[in-house]
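# Working through the structure, step by step
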Amino acid sequence: MKPETLLEAAVSRWHTTVNDGDPEAAADAVTDPVVVLGPKGAGSITAAQFADWVQRSGIRLVPQTWHPVSERLVVVEEDATWPGSSTPARVATVFRVTGERVSASLRLPDLESALEVARICREMAATE
């Protein structure tokens, strides 16, 4: 498989497991640990903690646009809804994929912010 195909497949699987609210599948869709960023903070969490968040949050993130940044990074603009929300909020998430799993999921409030973070991550990785 080409890297773009692996990248897209891993991120699509991540969206499916999150939107289905399936904690076991969600834990299997990410590395252990996985790096996360959201409105409540950032850091590395275990796959089990990620699965717990999927179950507790009830979030749904429906992909709208895809913006590849490198072989391992993509920004996906999404419509986000939570239990009790009446209309979706547009957000953007930077995804990093390692192998066949998402190893980072950094949710930001808008596409431009996410693209900026993704470009910084790409440049940091290139200089390691």
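For the structure itself, look to the data block above.
Residues numbered from 1 in each chain as written. Predicted model: local features only at pLDDT ≥ 70, side-chain atom pairs only at ≥ 80, totals over all residues. Heavy atoms only, no water.

### Section: the nonpolar core
In terms of nonpolar packing, the biggest core is built from 21 residues, with V11, W14, V30, F50, F95 and V102 touching the most fellow members. Elements represented by at least two residues in this core include exactly α1 (3-20), β1 (30-38), α3 (47-57), β4 (73-81) and β5 (89-98). Apart from the residues lying within four places of it in its own chain, the contact partners of F50 are W14, V18, A26, V30, V34 and I45. Residues V69, A92, V94 and L108 belong to the second largest nonpolar core, which totals 10 residues. (Core = buried A, V, L, I, M, F, W, Y, C linked by side-chain atoms within 4.5 Å. Buried < 20%, exposed > 50% of the residue type's maximum accessible area, 1.4 Å probe, protein only. Helix = DSSP H or I, 4+ residues; strand = E, 2+ residues; numbered from the N terminus. Contact = heavy atoms within 4.5 Å.)

### Section: the pattern of salt bridges
If you walk through the whole model with that rule in mind, you get seven salt bridges. A salt bridge links D28 to R13, with the shortest nitrogen-to-oxygen separation between them at 3.1 Å. Linking D28 in helix α2 (residues 23-29) with R13 in helix α1, this pair joins segments that are 15 residues apart in sequence. Given a relative accessible area of 37%, D28 falls into the partly exposed group. The network of salt bridges with common partners includes R13, D28 and R101. (Salt bridge = Lys/Arg side-chain N within 4 Å of Asp/Glu carboxyl O.)

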